[in-house]
Amino acid sequence: MRVTAPYEPDWAAVRRRIADAPWAAGVLAALEADFGHWSGLPLPGPERPSAWIHHYFCDADGAPLRHDPATPDRHACTGCGKVYSGEPWDGAWRAVTHNAAAAQAQRAALLLRLTGSRPARDELERVVGGYARRYPDYEPHGEAAGTGRVQPQALDEAVWAVGLLRAVRWAGDALTPATSTALDAMARAVAGLLRPQAGAVHNIPCWLLAALAECAVRLGDTGLLAWCRDSEFGAEAQVMRGFHDEGLWYEVNPHYHYYALAALLSYREAAGPAGLSARAVRRLSRAVTAPPMLAYADGRLPAYGDGWAECFTADFAPHAEAAWGLLPEHRPSPAPYYAHPRPAPVRLWYGAQLPEGPAPPLTARSSVAALVFGPGALPREPPDHPGPAGSFVWPGAGIGLLRSAGVRAALRYGPDAGWHDHRDKLGVDLATASGWSSLDLGTSGYGSDFTAWLRSPVAHNVVTVGGRPQPAHTGRLVASSPGHLTAESAFGGHTLRRTLTVTGDGWTDAFTVTLAAPDTIEWTFHGDGPFTGEGEPATLTGDLGHEWLRDVRRLRTIGGLVRGTWDARGAPYLELSVPEGFEAYGALAGGNPNGRPLGVLLLRGHAAGARIHARFALPEVGSSAAPRTRGPDEPPPAGRCA
């Protein structure tokens, strides 16, 4: 490997940007405010170990707990207010505080470079020196994803180390000789800890490689840098084997996509131009341009599998800004990420970023990545972006997407995504031009009880067989056109086939199930608002998430059909066929990403096969009336679902 220098910000150009561009001056002001807030933050010592940050979520509603530096033994839910204390929450508090310290080091390095601040120099020395001198005293420990010292696992250790080591690299020769020497020893220890744990194509080793590259650059270790690129699970393999040809990370969820992308961009920043081949750079660039093609009309991205449900393209603008500077051979434009701007706190560049400070939210370009890596002005016409996406199929990722004037609907049939897959093959998600949606629910913290619901089959628009979750498997595309998708899934001798078709006034959804032997078949579908079809209170038992359903009703079926809508503005009218011998149920559940009530429909029966057909008709264009409940014998509106 030809060794080249890291990508370093042009600090003089950044200072000119701050002087000339109001948005850049706003980023600096926010950094200064947050720096003041976090100055003097005590560093948790090695006396007590940190714990998995995913414990820092509420069991009742999945909301994060509130991190307060002043209350290491009291942690209130930001949603319902429930208070937690003791372990593992105290240990998770320590892990969050370690991240806060690494984030503060980045602020200090930036203010030192951009303003010459003496307090920033002193704070950088305090934070980095405090960790570097005591790093050997932190006992190795591990939970969920390998072993860390300061942090509870290898992943968090790597993200934390990237934050500290990048801050020092950005700050130049700011550290005292004694602290610099201690940091060298820490970098050697971090490399010794993390290198043996980078053994798969996965988002976690991507972060380990980013940290190892920073260690290699710090120590001048060209052999380690070459290993980071060319080993069996090095950066080249992560890019070429981890991202599908279309540019989507194999774990599918947008948060894990961008998490891996941030790690590999961080790796390239440290490793320099020689850190990746030309083909890997092209694929990494596609990883920036691909996800917006999946977005709904408001910029929301689907929360497939494990990942936070609150997910918008604008949230990931820093990645595109960083890619502009770090992938100069194939620059993806950040412009599509600002099509639906959202106010946001100033966002540090990865690794450690959170928790944020008290600076008020900024609009438009509000990140450190924009400040130090992005273009001076956003390009009007993205040079390589495919533009507004219509219907398309991604064979590698196994996603087909249909768009019409009234609906955006996706059907997923592709390869299993590993541990973060929700086993929801042939799942669909959609949003309508009338404002109604049926979204993937994503997840909360993995230590939260509520995540059991979010991962359950009943929380997804799928079919299950035998009262069991789907096994890991891969489906296949059967047919596609701009208005039509058919995909098939087979396991255990069973064959499931789903067809989505967009029509002039809505869409149809047909599911055919053929089993190896008669068994229980369940079909579920959810959407915004309670379903209004008539019914009577009922009990619905099962082990697929049924315990999270409430207000369960057995729905009235007339002529083999359930008819109704959802009590939410813009909801479609539904006619749903109910196979002979099946029962139809309606219920409510939590976890809808948009905060609306989640109305769940469920069909259950015991048979050797079934055909379920659903036709959805959208409200008339321009109608502002909320939907009303129609009587079971009332015919549908003229021209709709007749």
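How each quantity is defined
- Residues numbered from 1 in each chain as written.
- Predicted model: local features only at pLDDT ≥ 70, side-chain atom pairs only at ≥ 80, totals over all residues.
- Heavy atoms only, no water.
- Pairing = 2+ DSSP bridges.
- Helix = DSSP H or I, 4+ residues; strand = E, 2+ residues; numbered from the N terminus.
- Contact = heavy atoms within 4.5 Å.
- Phe/Tyr/Trp six-rings, centres within 6.5 Å; stacked < 30°, edge-to-face > 60°.
- Buried < 20%, exposed > 50% of the residue type's maximum accessible area, 1.4 Å probe, protein only.
- Lys NZ or Arg CZ within 6 Å of the ring centre and 35° of its normal.
- Lys, Arg positive; Asp, Glu negative; His and termini not counted.
- Salt bridge = Lys/Arg side-chain N within 4 Å of Asp/Glu carboxyl O.
- Axes fitted to C-alpha atoms, helices over the stretch in contact; angles between N-to-C directions.
- Parallel < 35°, antiparallel > 145°, perpendicular 65-115°, else oblique.
- Left-handed = near helix turned anticlockwise from the far one by under 90°.

Participant: Sorry, what's going on with the sheet that holds strand β5 (residues 392–394) here?
Facilitator: Paired through backbone hydrogen bonds, the strands of a sheet run either parallel or antiparallel to each other. Sheet architecture is open: five strands sit in the order β5-β6-β7-β8-β9, paired in antiparallel fashion. Each edge of the sheet is formed by a strand with only one pairing partner; in this case those strands are β5 and β9 (437–438). The pairing of β5 with strand β6 (residues 399–403) spans three bridges and is classified as antiparallel. Note that in β6 the partner of Phe-392 across the bridge is Leu-401.

Participant: Would you mind showing me how to read the environment of Pro-572 here?
Facilitator: If you trace the backbone, Pro-572 turns up in the loop between β17 (561–565) and β18 (573–577). Residues Pro-572 and Val-281, 291 residues apart in the sequence, show an inter-C-alpha distance of 44 Å. Beyond its immediate chain neighbours, meaning those up to four positions away, Pro-572 contacts Trp-436, Trp-507, Gly-564, Thr-565, Trp-566, Phe-616, Ala-617, Leu-618 and Pro-619.

Participant: What's the story with the packing of aromatic side chains in this structure? I'm lost.
Facilitator: Aromatic ring pairs: the centre-centre distance and the angle between the two ring planes describe each pair. Taken as a whole and judged by the stated rule, the model has 26 aromatic pairs. For the pair Tyr-84 and Trp-89, a centre-to-centre distance of 5.1 Å together with 45 degrees between the ring planes defines the contact as tilted. Accessibility expressed as a relative area gives 5% for Tyr-84, which makes it buried. Both rings, one in Trp-249 and one in Tyr-250, keep their centres 5.2 Å apart while their planes meet at 50 degrees; by these two values the pair is tilted. Classification of Trp-249 as buried rests on a relative accessible area of 0%. Ring pairing ties together the aromatic residues Trp-436, Trp-507, Trp-523, Phe-525, Phe-531, Trp-566 and Phe-616, which thus form one cluster. Taking NZ or CZ as reference, Arg-195 lies 4.5 Å from the ring centre of Trp-227, over its face.

Participant: Sorry, what's going on with the side chain of Asp-156 here?
Facilitator: Position of Asp-156 among the secondary structure elements: in helix α5 (residues 154–171). No salt bridge forms around the buried Asp-156; measuring N to O, its nearest opposite-charge neighbour Arg-94 is 13 Å away.

Participant: Teacher, can you tell me more about the packing of α5 against helix α6 (residues 177–194) here?
Facilitator: Angle between the axes and distance between the axes are the two parameters that describe a pair of packed helices. Following both chains from N to C, one finds α5 and α6 inclined at 150 degrees, their axes separated by 11 Å at the closest point. Judged by the angle between their axes, α5 and α6 are roughly antiparallel. Between α5 and α6 lies a crossing whose hand is left-handed. Residue-level inspection shows Ala-154, Glu-157, Ala-158, Trp-160, Ala-161, Leu-164, Leu-165 and Val-168 of α5 in contact with α6, the latter providing Leu-183, Met-186, Val-190, Leu-193 and Leu-194.

Participant: I would appreciate a short explanation of the pairing of β18 in the present structure.
Facilitator: Residues in a regular strand point their side chains to alternate faces of the sheet. Within β18, five of the five residues are buried, leaving the element largely enclosed by the surrounding structure. Taken together, the five bridges between β17 and β18 define a ladder with antiparallel strand orientation. Opposite Leu-561, over in β18, you have Ser-577 as the bridge partner. Two strands pair when backbone bridges link them, and β18 and strand β20 (residues 598–617) are joined in this way by four bridges, in the antiparallel orientation. Pairing of Leu-574 across the sheet is with Phe-616, part of β20.

Participant: Help me understand the side chain of Arg-94, please; the structure alone is not making it clear to me.
Facilitator: Position of Arg-94 relative to the elements: it lies in helix α3 (residues 89–115). Its relative accessible area of 8% is what places Arg-94 among the buried residues.

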